[in-house]
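What follows is each chain in one-letter form.
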Amino acid sequence: MKVLYACSALLFFTFIVSSSAHTQGTVTVDTLTFDKILRSFDIVLAKFDDKYPYGENQDQFKKFAENAANTKNLLIAEIPIVDYGDKENEQLANEYKVTKADFPAYKLFLKGKSKPIDFTGEKTEDGLKRFLSQHTNLWFGLPGTLEALDKIAREFFDASSASDETQTKSLIEKAREQVKGFVDKKEQKSGDSYLKIMEAVAKQGVEFLKREGRRVQNLLKGKITNEKKEELQHRANILLSFKSLKETVSDAVDAAKEKVADAAEKIKEL
């Protein structure tokens, strides 16, 4: 019985090592090679994790890595952290303040930025895609989004931010023509969402995007049917298309200011 148990344990360990030591679509880096990677690529998504990860989070990461492997300008890096023996990559974990409790921890490194952006969303394939769509100009085809309209949405956001009414009207008409050409019902539904958002922005200004984003996120936190949840998530994904990198940075600054203000209020209460 002991022999059988030992063999089973060995087989299980062998399976974990062989299947999880490296994820297709990624590059495994260490303390000596990580800086070279950062210097060579514009966008690096780094995953800090156990050397042999497994489970649902890893399954989701595998799906993401395989689908995003050919995305231009993006490199997905795995940094295995070992807290025994030679303590592989412990220096990187300490440098970026990653603990075992955080695994898997994702950090986004953008060329020209001194600090990485911490991932705080759902550790799923779509969660990672949303995160990258929010902070970069990469396109992943999030559920509910359409590549042709995403490109128009980016241009529309810039034109709206510049108060260029002629250009915004032109882009709305361009989007409307695109939607007319859709045959698939799902594409038509998504296209209508893009148009409604663009029309609302034309009337209310780009601030509508923030208000609508907050409204959708609040609704997603409530008790809703799966059908409604999918509909709202698609709308949230489409709203991300109406972002630029400048706007993302602005949001990050605003969020940081809010955190500082909240901390100051708590200190006053003490």
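First, a word on what this report is: a plain description of the structure on this page. Since this is a predicted model, take the numbers as computed values, not measurements. Along each chain, numbering runs from 1 in the same order as the chain's sequence is written. Only residues with pLDDT of at least 70 get local features here, since the model is predicted, and only at 80 or more are side-chain atom pairs given and counted; chain-wide, interface and lining totals rely on the full set of residues. Only hydrogens and water are set aside when side-chain values are computed; all heavy atoms of the structure are taken into account.

### What to know about helix α8 (residues 185-204)
Part 1 of the argument: Here α8 spans 28 Å end to end across 20 residues, near enough to the 28 Å set by a 1.5 Å rise per residue.
Part 2 of the argument: Categorising residues by exposure relies on relative accessible area from a 1.4 Å probe, with only protein chains included: less than 20% of the type maximum marks a residue as buried, more than 50% marks it as exposed, and the intermediate range marks it as partly exposed. Each helix corresponds to a stretch of at least 4 residues labelled H or I by DSSP, and each strand to a stretch of at least 2 residues labelled E; elements are numbered beginning at the N terminus. Three or more residues of α8 are buried, namely S190, G191, S193, Y194, L195, I197, M198, A200 and V201.
Part 3 of the argument: On its buried face, α8 sits against α6 (147-161), α7 (165-180), α9 (207-221) and α10 (226-240).
Part 4 of the argument: A distance of 2.9 Å separates the backbone nitrogen of K186 from a side-chain oxygen at the start of α8, and that oxygen is part of D184.
Part 5 of the argument: Positive backbone phi, approximately 90 degrees, marks G205, located one or two places after α8. Expected span of a helix: the number of residues minus one, times 1.5 Å. The contact criterion used throughout is that any non-hydrogen atoms of two residues lie within 4.5 Å. Under this definition, polar contacts are N or O atom pairs within 3.5 Å; protein pairs additionally need one hydrogen-donor-capable and one acceptor-capable atom, and for neighbouring residues in sequence, both atoms have to be side-chain atoms.

### Quick look at the side chain of R130
Part 1 of the argument: Position of R130 relative to the elements: it lies in helix α5 (residues 125-135).
Part 2 of the argument: Separated by 3.5 Å, the side chains of R130 and N237 make a polar contact.
Part 3 of the argument: Contact partners of R130, with chain neighbours within four places excluded, come to E122, L142, Q233, N237 and L240.

### Some remarks on the sheet that holds strand β4 (residues 105-110)
Part 1 of the argument: The criterion for strand pairing is that DSSP finds at least two bridges linking the strands in question. Taken in spatial order, the 5 strands make up an open sheet running β1-β3-β2-β4-β5, and their pairing is mixed. For this open sheet the edge positions go to β1 (27-28) and β5 (117-118), each flanked by a neighbour on one side alone.
Part 2 of the argument: Judged from the 2 bridges that link them, β4 and β5 form a sheet pairing that is antiparallel. Across the sheet, the residue bridging to K107 is D118, located in β5.
Part 3 of the argument: Lines fitted to the C-alpha atoms define the axes, with helices restricted to the stretch that makes contact. Angles between their N-to-C directions range from 0 to 180 degrees. Its contacts with the sheet place helix α3 (residues 56-68) against β2 (43-50), β3 (74-81) and β4, and it is angled at close to 150 degrees to β3.

Limitation: the analysis is restricted to geometry and does not speak to function.
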